[in-house]
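Coordinate inspection notes
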Amino acid sequence: MNFDEKADLPEADGPIGGGRLQRRVGHPHQWRSAAEIQQWFVDSLARITDSPPEEIDVNAPFESFGLDSVTAVGLTGELEEWLGCTVDPMAVYDYPTIQALAGHLAELSAAKESSS
């Protein structure tokens, strides 16, 4: 299955780094709250950085976690898998903290859910 392929579905309003939230083919979209998305980021970054989750600051810029581009792209892929949607990797520049990006993705997720 090609996960780069996008289903021909209506897109949610609101750009994320110039893109939009779209369903991934073969992956059902599941609405996620900002708190759930934020916790996913905390758990994932704790695993990647080998840090305790309580040391991950949700208000710190993503760049402060010291991720290289390969790791960041991998993290985006894992997030897409978990959300069931395509996420523009440039979103971290428009929403540079865990809290900001989680809130934005939750809003788009809810909009996508209500349009389904």
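All of the points below concern the structure found in this document. Everything quoted here is computed from the prediction, not taken from an experiment.

Here we come to the overall build of the chain. Along its length, the chain carries four helices and two strands. Counting helices and strands in the order they occur from the N terminus, the chain gives β-α-α-β-α-α. Relative to its 116 residues, the chain shows a buried fraction of 38%. With an accessible surface of roughly 6500 Å², the chain has 51% of that area assigned to carbon and sulfur atoms.

Okay, unusual backbone geometry next. Even without being glycine, D50 reaches a positive phi, approximately 55°. As for its position among the elements, D50 is in the loop between α1 (34-49) and α2 (69-83). For D50, a relative accessible area of 73% gives the class exposed.

Turning our attention to the nonpolar core. One finds I37, F41, I56, L79, L83, I98 and L105 to be the most contacted residues of the largest nonpolar core, which totals 22 residues. Counting residues per element, this core draws most heavily on α1, which supplies six residues. Residues contacting I37, with those up to four places away along its chain left out, are R32, W82, L83, A102, L105 and A106.

A separate point is α2. Its 15 residues place the ends of α2 21 Å apart at the C-alpha level, agreeing with the 21 Å of an ideal helix rising 1.5 Å per residue. Looking at α2, one finds that the buried residues are L75, T76, L79, E80 and L83. Along α2, the residues classed as buried sweep out an arc of 140° about the axis, all on the same side. The positive-phi residue at the C-terminal boundary of α2 is G84, with phi of around 80°.

For any pair of aromatic rings, the description consists of the separation of the ring centres together with the inter-plane angle of the planes. For the structure on display, the rule yields three aromatic pairs. Relative to F41, the ring of W40 has its centre 5.3 Å away and its plane inclined at 80°; by these criteria the two rings are edge-to-face. When sorted by exposure, W40 lands in the same class as F41, which is buried. Their ring planes at 20° and their centres at 5.9 Å tell us that W40 and W82 sit as a pair that is stacked. Of this pair, W40 sits in helix α1 while W82 sits in helix α2, placing them 42 residues apart in sequence. Residue classification places W40 among the buried positions, given a relative accessible area of 12%. Ring pairing ties together the aromatic residues W40, F41, F62 and W82, which thus form one cluster.

Turning to the pattern of salt bridges, a few remarks are in order. By the definition in use, this model includes one salt bridge. Here R47 ties to E78 by a salt bridge, and the two come within 2.7 Å at their closest N and O atoms. Here R47, found in helix α1, pairs with E78, found in helix α2; they are 31 residues apart in sequence, far enough to count as distant.

Following the sequence through the fold, A111 ends up in helix α4 (residues 98-115). On the basis of relative accessibility, which here comes to 29%, the residue A111 falls in the partly exposed class. When the C-alpha positions of A111 and W31 are compared, they lie 9.1 Å apart, and in sequence the two are 80 residues distant.

Reading the values: the criteria
Residues numbered from 1 in each chain as written. Predicted model: local features only at pLDDT ≥ 70, side-chain atom pairs only at ≥ 80, totals over all residues. Heavy atoms only, no water. Helix = DSSP H or I, 4+ residues; strand = E, 2+ residues; numbered from the N terminus. Buried < 20%, exposed > 50% of the residue type's maximum accessible area, 1.4 Å probe, protein only. Areas by Shrake-Rupley, 256 points an atom, 1.4 Å probe, with all protein chains shown as cover. Core = buried A, V, L, I, M, F, W, Y, C linked by side-chain atoms within 4.5 Å. Contact = heavy atoms within 4.5 Å. Expected span 1.5 Å × (residues − 1). Arc of directions from axis to C-beta. Phe/Tyr/Trp six-rings, centres within 6.5 Å; stacked < 30°, edge-to-face > 60°. Salt bridge = Lys/Arg side-chain N within 4 Å of Asp/Glu carboxyl O.

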